[in-house]
Amino acid sequence: MSLPIRVPGSRMSRRAFAVAALSALAMAPGASAAPGRRDAGASAGAPGGGAQPPRVRGMWLATVANRDWPSRPGLSADEQRRDLIAHLDTAVRYGLNTVFFQVRPTADALWPSPYEPWSEYLTGVQGRDPGWDPLGTAVAEAHARGLRLHAWFNPYRVAVHTDRAKLTAGHPARRHPQWVVPYGGKLYYNPGLPEVRAFVQTAMLDAVRRYPVDGVHFDDYFYPYPVAGQSFADDAAYRAHGGRFKSKAAWRRDNIDKLVRETAAGVRRVRPGARFGVSPFGVWRNAATDRRGSATRAGVQTYDDLHADTRKWVREGWLDYIVPQLYWHIGQEAADYAKLLPWWAKVAEGSRTELYIGEALYKAGDPAQAKPWQRADELSRHLSLAAAHPQVRGHVFFGARDVRANRIGAMARVAADHYGRPARTAP
């Protein structure tokens, strides 16, 4: 998940009372925080009279670098389990219905995988058995609370450093050093190698086969974000496999297209009821680059820089859902939420891909952020804007520790204004 977004009266009102109650986590799950408001989680009738699937009210639960969970490596199994369950309980308190749980942050695993080592973010030592099964527990405990659980995978990131000696002795990246490219201070699997693509799918689908997950989720990292002055060293792979393409960029996009199509097919084959989706960086291309693009001036464009043709994936129906990370405030000069929202709604219109919007809860109340993020109602205003676009079927908040912290009451305000009825998890 990309955190640094790269772009050049005396009486308390009913709403304020509800927000204050939620801020104290005193609202019982399912209680109405704002009676009389239209519920953003209620299911509207679909065209032709059929029922639409429930709206998604989600949060990302990140494990890379212990971002959300565990709070630090090396906690006991009981401490880790309690903290994980506390995050699920917090999701329920705020009326959420879906958790996107990061289970493969760096070519590792938060389940007993036969292909990759246990994650170092559990014990502090890569490959060390934590003594319990985090993914299995997360699925069971989420379902017990009426939550859907999507297993979130990062396909190609191997390590957040470049020292292969720090990887476990049997790590696939050490057994197959030709698979690995150092770039920007990190290690990545090379997406241009067919054997890499086959391996990462096998490793990920192992979890899908073992556990009754409700979905499979990729974040925004495909080819890595560009680093000034550095190039991704895949010339040899391009010479071996890119002969029919007019440029390396076109070949790279085809590599990612294949990953997405093949993973979608694999999920359908292994667990037909599970859904497959991606949460890309929020700008496909700027309109100045491509007339089909958005009215933005973003410094990163997924099509050109990450070689991820996210618009195509939606229009071709390869995804069950997409969650563009619209991590900007309303009125942001280079990437305005109010302009990107209708652009994505237009992309999703008429496709089979459901559109959810990724929301930057982590910015709310952060003094380093712009003035709109100091307003408790900025994110609530996002959801109000989205309500005018029927293509938007939900929102996902980054991340779990920020849902728990509820800085400046921003998450409570969202729940009070938009999540007044219990969340549904099935059509």
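> Help me understand the confidence of the model for the protein chain, please; the structure alone is not making it clear to me.
Reading fine detail from the predicted coordinates is not recommended where pLDDT is low. Mean pLDDT over the protein chain works out to 90, with 87% of the residues at or above the 70 mark. Segment residues 3-50: pLDDT under 50, and 85 contacts once partners within four positions in sequence are set aside and those in other chains are kept.

> What is the right way to read the packing of aromatic side chains from this model?
The relation between two aromatic rings is expressed through the spacing of the ring centres and the mutual angle of the planes. Per the counting criterion, the structure on display carries 26 aromatic pairs. A centroid spacing of 5.4 Å and a plane angle of 45° characterise the contact between Trp-179 and Phe-199, whose relative ring orientation is tilted. Residue Trp-179 is found in the loop between α5 (172-175) and β5 (180-183), and its partner Phe-199 is found in helix α6 (residues 194-210); the two are separated by 20 residues along the sequence. Trp-179 sits in the buried class, given a relative accessible area of 8%. With a centroid separation of 5.0 Å and an interplanar angle of 85°, the aromatic rings of Trp-343 and Trp-344 are classed as edge-to-face.

> I would appreciate a short explanation of the pattern of salt bridges in the present structure.
Note that side chains of opposite charge can pair when their charged atoms are close. Scanning the model with the defined rule gives 26 salt bridges in all. With a shortest N-O distance of 2.5 Å, Arg-145 and Asp-89 are connected by a salt bridge. Of this pair, Arg-145 sits in the loop between α4 (134-144) and β3 (148-153) while Asp-89 sits in helix α2 (residues 77-93), and the two are 56 residues apart along the sequence. Exposure remark for Arg-145: the relative accessible area of 27% places this residue in the partly exposed category. Given a relative accessible area of 27%, Asp-89 falls into the partly exposed group. In this structure, the salt-bridge partner of Asp-320 is Arg-352, at a minimum N-O distance of 2.5 Å.

> Any chance you could explain the sheet that holds strand β1 (residues 56-61) here in plain terms?
The strands making up a sheet associate through hydrogen bonds between their backbones, and the pairing can be parallel or antiparallel. The sheet built from eight strands closes into a barrel, its strands ordered β1-β2-β3-β7-β8-β9-β10-β11 with parallel pairing. In terms of strand pairing, β1 meets strand β11 (residues 392-398) through five bridges, oriented parallel. Across the sheet, residue Gly-58 finds its bridge partner in β11, namely Val-396. The strands touched by α2 within the sheet are β1 and β2 (98-104), with β1 carrying the most contacts at an inclination of about 155°. In this fold helix α12 (residues 378-386) packs onto β10 (354-359) and β11, with an angle of close to 165° to the strand it touches most, β11.

> Would you explain the pairing of β1 in this entry?
In the case of a regular strand, side chains alternate between the two sheet surfaces. The element β1 is largely enclosed, with a buried count of six among its six residues. Side chains Val-56, Gly-58 and Trp-60 of β1 all project onto a buried face; the interleaved residues Arg-57, Met-59 and Leu-61 project onto the opposite face, where all are buried too. Following the chain from β1 across α2 to the adjacent parallel β2, one finds a crossover that is right-handed.

> Help me understand α12 in this model?
Helical periodicity: at 3.6 residues per turn, an α-helix aligns residues three or four positions apart in one direction. If you check which residues of α12 are buried, you get Glu-378, Leu-379, Ser-380, His-382, Leu-383 and Ala-386. If you follow the buried residues of α12, they end up packed against α11 (337-348), β10, β11 and α14 (410-418).

> Teacher, can you tell me more about the packing of α6 against helix α8 (residues 248-270) here?
Between two packed helices, the angle of one axis relative to the other and the distance separating the axes together describe the packing. In contact at an axis separation of 10 Å, α6 and α8 are set at 30° when each is read in the N-to-C sense. Judged by the inter-axis angle, α6 sits roughly parallel to α8. Once α6 is placed against α8, the crossing between them reads as right-handed. When α6 is examined against α8, the residues Arg-197, Val-200, Gln-201, Leu-205, Val-208 and Arg-209 are found in contact with a partner set consisting of Asn-255, Lys-258, Leu-259, Glu-262, Thr-263, Gly-266, Val-267, Arg-269 and Val-270. Looking at the contact of α6 with α8 residue by residue, the class counts come to six nonpolar, four polar and five charged.

Definitions and cut-offs
- Residues numbered from 1 in each chain as written.
- Predicted model: local features only at pLDDT ≥ 70, side-chain atom pairs only at ≥ 80, totals over all residues.
- Heavy atoms only, no water.
- pLDDT = per-residue confidence, 0-100.
- Contact = heavy atoms within 4.5 Å.
- Phe/Tyr/Trp six-rings, centres within 6.5 Å; stacked < 30°, edge-to-face > 60°.
- Helix = DSSP H or I, 4+ residues; strand = E, 2+ residues; numbered from the N terminus.
- Buried < 20%, exposed > 50% of the residue type's maximum accessible area, 1.4 Å probe, protein only.
- Salt bridge = Lys/Arg side-chain N within 4 Å of Asp/Glu carboxyl O.
- Pairing = 2+ DSSP bridges.
- Axes fitted to C-alpha atoms, helices over the stretch in contact; angles between N-to-C directions.
- Right-handed = clockwise from strand over helix to strand, strands pointing away.
- Parallel < 35°, antiparallel > 145°, perpendicular 65-115°, else oblique.
- Left-handed = near helix turned anticlockwise from the far one by under 90°.
- Nonpolar A, V, L, I, M, F, W, Y, C, P; charged D, E, K, R; others polar.

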